[in-house]
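# Survey of secondary and tertiary structure
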Amino acid sequence: MSIRWSLTIDCADPAALARFWASALGYVEKPPPGGFGSWEEWFAHHDVPEDEWNDGAYLSDPDGTGPSLSFQKVPEPKTAKNRLHLDVQAGGGRETPWETRWPRVAETVERLKAAGGTVICEYGFGGRPDHVMMADPEGHEFCVL
């Protein structure tokens, strides 16, 4: 039996970063737990102070197969390279022919740049581009393959 898991990303602006990653991954805002009409209702029921209601944001895979993502507000900024990063496999994986894969990668990079991401570097393999390392709006590194 496998264990369900999720990924939590520390950040300064959970709602803004959640919007970026929803766009990057095709995720949606995670619905509130059963029995609650909204996250605010859930927070109030569990006595979460109102000034903490925007300290987190939550995304889920609309197909229900991928892990959920949480964004947690922290006071300190990112200061070093990630030791863990996401690979956004927009091109279909390296088993997909380069002529099909690379235009998908390039389109995704442009879309994520428009959403606030930045290109750190483009990597090549065999004399042609292979993947792009990017950073989200708060500097978390990820790759588009």
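Structure: see above.
Residues numbered from 1 in each chain as written. Predicted model: local features only at pLDDT ≥ 70, side-chain atom pairs only at ≥ 80, totals over all residues. Heavy atoms only, no water.

The next point concerns the overall build of the chain. For the chain, the helix and strand inventory stands at three helices and eight strands. Helices (α) and strands (β) of the chain occur, in sequence order from the N terminus, as β-α-β-α-β-β-β-α-β-β-β. Counting only C-alpha atoms, the chain reaches 60 × 35 × 30 Å along its principal axes. Within the chain, buried positions represent 34% of all 145 residues. For the chain, the exposed surface amounts to about 9100 Å²; the carbon and sulfur share of it is 53%. Side chains of the chain carry 13 positive and 23 negative charges; the gap between the two charge centres is 10 Å. (Helix = DSSP H or I, 4+ residues; strand = E, 2+ residues; numbered from the N terminus. Buried < 20%, exposed > 50% of the residue type's maximum accessible area, 1.4 Å probe, protein only. Areas by Shrake-Rupley, 256 points an atom, 1.4 Å probe, with all protein chains shown as cover. Lys, Arg positive; Asp, Glu negative; His and termini not counted. Charge placed at Lys NZ, Arg CZ, Asp CG, Glu CD.)

Attention now moves to the nonpolar core. Counting 23 residues, the largest nonpolar core has W21, L59, F71, L112, M134, F142 and V144 as its most contacted members. Among the elements of the structure, β1 (6-11), α1 (14-25), β3 (56-60), β4 (68-73), α3 (98-114), β7 (128-135) and β8 (141-144) are those that each provide at least two residues to this core. It is α1 that contributes the most residues to this core, six residues altogether. V144 has contacts with V88, A90, V105, T108, V109, L112, H131, V132 and M134, leaving out every residue within four places of it along the chain. (Core = buried A, V, L, I, M, F, W, Y, C linked by side-chain atoms within 4.5 Å. Contact = heavy atoms within 4.5 Å.)

Here the focus is the sheet that holds β3. Sheet architecture is open: four strands sit in the order β1-β4-β3-β2, paired in mixed fashion. Sheet topology places β1 and β2 (28-29) at the edges, where each strand pairs with a single neighbour. (Pairing = 2+ DSSP bridges.)

Attention shifts here to the pairing of β3. For β3, the tally of buried residues reaches four of five residues, placing the bulk of the element in the interior. Across two bridges, β2 lies against β3 in antiparallel orientation. Bridged to E29 within β3 is L59. Bridging between β3 and β4 involves four bridges; their strand directions are antiparallel.

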